[in-house]
Amino acid sequence: MLSSLPSAIEFLAQYGYWVLFLGVLSEQLGLPLPAMPILLGMGALAADGKFSLSTCVLLAMLASVIADTVWYRLGRSKGQSVLKLLCRISLEQDTCVSVAKDWFRRTGDATLIFAKFIPAFSTVAPAMAGVNQMPLLRFLVFDGLGSLAWAGAFLWAGFVFGNQFERLLSPLKQMGGMAGLGLVLLLGLYVGWKWWQRHRTVRRLRATRITPDDLLSRMRAGEALAVLDLRRAAEIAQSGKIPGAAQIPVLDLDARHHEIPRDRHIVLYCSCPNEATSAKVAMQLERKGIRNIRLLEGGYEAWVELGFEVETVELS
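Nothing here was measured: the structure is a model prediction, and the numbers come from that model. (Residues numbered from 1 in each chain as written. Predicted model: local features only at pLDDT ≥ 70, side-chain atom pairs only at ≥ 80, totals over all residues. Heavy atoms only, no water.)

Novice: When you look at the sheet that holds strand β1 (residues 209-210) in this model, what are you seeing that I'm missing?
Specialist: The strands making up a sheet associate through backbone hydrogen bonding, with each pair oriented either parallel or antiparallel. Spatial ordering of the open sheet is given by β1-β5-β4-β2-β3, a layout of five strands whose pairing is parallel. The two strands at the open ends of the sheet, each matched to only one other strand, are β1 and β3 (246-247). Note that strand β4 (residues 265-269) and strand β5 (residues 293-296) share three bridges and pair parallel. Residue pairing in the sheet places Val267 in a bridge with Arg294 of β5. (Pairing = 2+ DSSP bridges. Helix = DSSP H or I, 4+ residues; strand = E, 2+ residues; numbered from the N terminus.)

Novice: What am I meant to see in the packing of aromatic side chains here?
Specialist: Aromatic ring pairs are described here by two measures, namely the spacing of the ring centres and the angle between the planes. Inspection of the entire model under this criterion finds five aromatic pairs. For the pair Tyr17 and Phe51, a centre-to-centre distance of 4.9 Å together with 70 degrees between the ring planes defines the contact as edge-to-face. Note that Tyr17 is positioned in helix α1 (residues 7-29) and Phe51 in the loop between α2 (36-47) and α3 (53-78), a separation of 34 residues in sequence. Owing to a relative accessible area of 12%, Phe51 belongs among the buried residues under this scheme. Ring geometry for Trp303 and Phe308: centres 5.0 Å apart, planes at 75 degrees, overall edge-to-face. A single burial state applies to Trp303 and to Phe308, both of which are buried. Between Lys116 and the ring centre of Trp150, over which it is positioned, the NZ or CZ distance is 5.9 Å. The ring of Tyr300 has Arg231 lying over it, and the distance from NZ or CZ to the ring centre is 4.0 Å. (Phe/Tyr/Trp six-rings, centres within 6.5 Å; stacked < 30°, edge-to-face > 60°. Buried < 20%, exposed > 50% of the residue type's maximum accessible area, 1.4 Å probe, protein only. Lys NZ or Arg CZ within 6 Å of the ring centre and 35° of its normal.)

Novice: How should the environment of Ile236 be read in this particular structure?
Specialist: Mapped onto the elements of the fold, Ile236 is located in helix α12 (residues 233-239). Considered as a pair, Ile236 and Gln247 are 11 residues apart in the sequence and their alpha carbons are 8.6 Å apart. Not counting chain neighbours up to four residues away, the residues in contact with Ile236 comprise Asp229, Arg231, Lys241, Gln247 and Val313. (Contact = heavy atoms within 4.5 Å.)

Novice: Hey, could you run me through the nonpolar core in this one?
Specialist: Looking at soluble globular proteins, one finds that nonpolar side chains tend to be buried together. Of all hydrophobic cores here, the largest spans 20 residues; its most connected members are Leu20, Val24, Leu39 and Met42. Secondary structure elements with two or more residues in this core: α1, α2, α3 and α8 (136-160). Considering each element in turn, this core owes the most residues, six residues, to α1. Contact partners of Leu20, with chain neighbours within four places excluded, come to Ile38, Leu39, Met42, Cys56, Leu59 and Ala60. Counting 15 residues, the second-largest nonpolar core is a separate cluster that includes Ala226, Ile248, Ala282 and Ile290. (Core = buried A, V, L, I, M, F, W, Y, C linked by side-chain atoms within 4.5 Å.)

What follows is the structure in C-alpha cells.
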C-alpha cells in the first residue's frame, strides 16, 4: 500500500518505532516538532502490516507520559517559574496559562484526559497539575488516559485511512525534493512569524512594566490610575482581584473599550507570568487611540505572592 510514498515515509518504515518514540517525546517536551504526522504515518504503516498497532500505541503513550512527568515534576518543585518558562517558549503565549487555569477550574484533574487535543495546552497542563500539587499516582492515571486517547486517535486514523493518505501524498513523490523544500519553507515562515510576534511582545513588556510595589504606592498616593483585570470572570471569582480594578475580559474588549478612560494611566494585568495577554491587549488598545498603558510585572500572581490586599468578587 505504501510503496509509492515519499522518502520520509520510507525512512519511517525503516526506523518507525524509534522515530515514533523520539518524535512524541520531543513534541511533549516542548520542541516545535509536530508528532501528528508521525502518528498518522505509523498508523498507515501498521495497516500495511509493517508494524504492530498496539505496540505503536504503547510506545507513543509511554513517550508522552515520560515527557509529561518531567513537566509535572518541574511544576511541583518550581511552581510559577515553570509556567513562566513555558509561556516564554510557547508559540501561543497569550493563551497558555489562562486557558490551563480555566480548564482545571471547570473539569479538575480530568483536564489531563483531553489536554493534548487543545493547541498550546499539551505541555502546560502537566506543569499546571504539578503546580496544583496533584498526587503523582493520580497524575499518572489521568495523564496516561489522556496520552492513550491522543496517540490512539491519530494512530487509528492513520490505520483506517492509510489508503487515502497514499493517494494524497503520492503527488509529492512525482514533485520530488521541491515539495519537501516547500513544506520546510512554509514551516520555517510560520515559526519565524511567531518568533517575531513574541519578540515584539518582549520589547513591549520591557518598555511598559510596572511592579506591584510601584502600583500599590501609586494607588495609596491617590494617583489617577485605571487598573484593568483581563482575566475571565470565573477566574476572578475564584481568586479575587486587585481592589478597585475594573473587569474587562479580553473577549469583551472590542465591545467595552469605550469604558476605559483616556485621561489617565492604564495598568493591565492577566494570569500569564510573562504578561503576554496584557501585552497583546496593550497593542489592541493603542490601535484604538488609548495611550499611557503599563503592564503589571508578574501579573496577578505576583500581586498575590507579595501578600497585597485582594478584593473578593462573586460570580454573577
